[in-house]
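# Observations on chain architecture
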Amino acid sequence: MAKQIIKIDVKAVKADITKLKVDVAAVGIFSDVKPTAFLKKLDALLGGAITRLKKIGDFKASAGSSVFLYTHGEIAAERLLLVGLGEKKKKAPDTVRQAASKAAFEAVNVNAKTLAIFRHNETKIDSRQLGQVIAESIHFGGYRYDEFVTRRENGRTNSLSALIVDSDMANVRKMNEGIKIGQIVGRAQNFARTLCNRPGSILYPAQLAAEARKIAASVKGLSCTILDEKKLAQKKMGGILAVGKGAANKPRMIILKYSPGGGKKSDSPIALVGKAITFDTGGISLKHSADMHEMKYDMTGGAAVLMAMQVAAKLKLPVEVYGIICAAENKPDGGSCLPGDIITTFSGRTVEVLNTDAEGRLVLSDGLEQARRLKCKTVIDLATLTGACVVALGKHKAGLFSNDDKLAKKLQTAAKDSSEAVWQLPYEQEYIDEIKGKIADLKNIGSKWGGVCTGAAFLGEFAKGLTWAHLDIAPKMDASEPMKKYAESGSIGFGVRLLTSFLFNEVF
Ligand code: BES
Ligand code: ZN
Ligand code: ZN
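What counts and how
- Residues numbered from 1 in each chain as written.
- Chains lettered and ligands numbered in written order.
- Predicted model: local features only at pLDDT ≥ 70, side-chain atom pairs only at ≥ 80, totals over all residues.
- Heavy atoms only, no water.
- Donors = N, O, S within 2.8 Å, 3.2 Å for Na, K, Ca; no water.
- Tetrahedral: all angles 85-135°; square planar, octahedral: opposite > 155°, others 65-115°.
- Helix = DSSP H or I, 4+ residues; strand = E, 2+ residues; numbered from the N terminus.
- Near = heavy atom within 4 Å.
- Areas by Shrake-Rupley, 256 points an atom, 1.4 Å probe, with all protein chains shown as cover.
- Expected span 1.5 Å × (residues − 1).
- Contact = heavy atoms within 4.5 Å.
- Pairing = 2+ DSSP bridges.
- Axes fitted to C-alpha atoms, helices over the stretch in contact; angles between N-to-C directions.
- Domains from an automatic or database assignment.
- Buried area = accessible area lost by both parts, 1.4 Å probe.
- Salt bridge = Lys/Arg side-chain N within 4 Å of Asp/Glu carboxyl O.
- Polar contact = N/O pair within 3.5 Å; in protein donor to acceptor, adjacent residues only side chain to side chain.

Only Asp-280 (OD), Asp-357 (O), Asp-357 (OD) and Glu-359 (OE) from the protein coordinate the zinc ion (ligand 2), and they sit 2.0 to 2.2 Å from it. Every donor counted, the 6 donor atoms about the zinc ion (ligand 2) form angles of 71 to 167° at the centre, which fits irregular coordination. Mapped onto the sequence, the residues coordinating the zinc ion (ligand 2) show the spacing D-x76-D-x1-E. The zinc ion (ligand 3) is placed at 3.2 Å from the zinc ion (ligand 2), the two being bridged by Asp-280. Of the two residues, Asp-280 sits in strand β9 (residues 270–280) while Asp-357 sits in the loop between β12 (350–352) and α10 (360–373), which places them 77 residues apart along the sequence.

With that settled, consider the coordination of the zinc ion (ligand 3). Six octahedral donors at a metal ideally form angles of 90 or 180 degrees, and four tetrahedral donors ideally form angles of 109.5 degrees. On the protein side, the zinc ion (ligand 3) has Lys-275 (NZ), Asp-280 (OD), Asp-298 (OD) and Glu-359 (OE) as donor atoms, found 2.0 to 2.4 Å from it. Relative to the metal, the 6 donor atoms surrounding the zinc ion (ligand 3) lie at angles of 78 to 171°, and the coordination shape comes out octahedral.

Around ligand 1 sit 16 residues in total, of which Lys-287, Asp-298, Asp-357, Glu-359 and Gly-387 are the nearest. Against a free-state accessible area of 520 Å², the protein chains account for coverage of 78% of ligand 1.

Spanning 14 residues, helix α12 (residues 405–418) covers 20 Å between terminal C-alpha atoms, matching the ideal 20 Å at 1.5 Å per step. Each element contacted by the buried residues of α12 is listed here: α3 (95–109), β13 (378–383), β14 (398–402), β15 (422–424), β17 (467–472) and α15 (496–507). Positive phi appears at Ser-419, one or two residues downstream of α12, with a value of about 55°.

Pairing within the open sheet is mixed, and its 8 strands lie in the order β7-β8-β10-β9-β13-β17-β14-β15. In the strand order of this sheet, the two ends are held by β7 (222–227) and β15, each with one partner. Sheet twist, expressed as the mean angle between neighbouring strand axes with direction ignored, is 20°. With 7 bridges connecting them, strand β8 (residues 252–258) and strand β10 (residues 321–330) associate as antiparallel partners. When the sheet's bridge partners are listed, Arg-252 is paired in β10 with Ala-327.

Here the focus is the domain arrangement of the chain. Domain boundaries in the chain define domain 1 (7–190) and domain 2 (198–507). Computed over C-alpha atoms only, the centres of domain 1 and domain 2 are separated by 35 Å. Counting residues at the interface gives 22 residues for domain 1 and 24 residues for domain 2. Of the roughly 2000 Å² buried between domain 1 and domain 2 on both sides combined, carbon and sulfur atoms contribute 64%. The tally of links from domain 1 across to domain 2 stands at 2 salt bridges. Of the charged contacts in the structure, one is a salt bridge between Glu-147 and Arg-198, with a shortest N-O distance of 2.7 Å. Applying the counting rule to domain 1 against domain 2 returns 8 residue pairs in polar contact (both at pLDDT 80 or more).

Here it is in structure tokens:
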């Protein structure tokens, strides 16, 4: 495997962007705002090129659009990238994120090694926060996944050094504080993407466990315990074992613990529980072959948990957190779990497996029970659980369920702060009734309808007495069409920013 990750670095500087010798200088433009003094100056330097471009209608500054202008020494940069911000009055909370991602995305497309992004003075966001947001977004847009590409016709840059340019030194200082955090989060999110983008036969449960071990060893305060198939059997983790039974690559439960320094012990640590099906064929209830390859992303929840744990440790957050990752490969084979089988989960509750493709809830049942035994009171699980969630919400938002309104609110706030959108759906009795069993305690599927809600209801049965939330992140397992305009297709590492914001808000 070639080393193909683009090394990205971000810092804020006080400078005049027109005098910076960079490969790309990027400037954001609103479609409905008269040119600012800076834009007028830039336009004049370029002999009116921006005005002409607008006049002929090639660049309307709509959100998500961009255009390169090639300079000839009028400004120091090789290229000027105009990035459309859309209408100022419609400014979405993630306008800045999309624009900064777009700048990095386009810069990498032309193999730039250096990028300068102009900070608008009208951007009223606090500079520290803005630094974090822009840094995260540069990492997001600059990311590429091509570790298996051996020949590149046009070469490809292997580093991107990005500057955020402001004329005020106090702003620059504050931005650099935020950038420190943003780089940690951005890199973590990108590694989550890489783990998910790796093919199923390369990144199987034991490999994910090895990656988790490496991450835990490289940062202070993080420990890692791996339960292999023997330990899982000893502990009677019947959910995860049933799902992994048919695969040659055996399941693992990965338990990470982050303890802040100073020996501060919490009597109610938080648990993050992630579904990590490294490949979901559906098992004996085999999926259709079209799009099945996308099921290598069925470990998105687990990757988000792993990388959020790394961020918590790197940022030394003063909160005790467990990360529980339920890793298995769901495959049909002579030894696979059969439709109709009755399994006994770690909690002791029995489940009739009516569809082996509803496997996420089986592995998570053991993960949730593990969180309970670790005395965690607040438990959040993340899972690409149902196609029904994608039907309900499209690819724009993840589903949120909770048995606690306060926790749901906190996650909605974290979603806003991180621009990783969620939408609350019902966790209510009617759905719970659907998964009650006749010949076992529970069934692993409900009726034909509302699959996203019955999936959540099933998990809720294993979270009784806990303050629990479930995020069905199936809609966000890979880039949506609009996102592909400013980010690499494939995994988007959803959940790393959301969980980080949640933990951050818990302590600050
Ligand atoms: N991993 C899938 C859910 C999924 C589907 C995620 C499409 C992203 C895109 C999950 O394990 C699954 O197969 N769920 C079934 C549940 C059903 C059998 C009740 C589904 O959604 O069809
Ligand atoms: Zn499945
Ligand atoms: Zn699945």
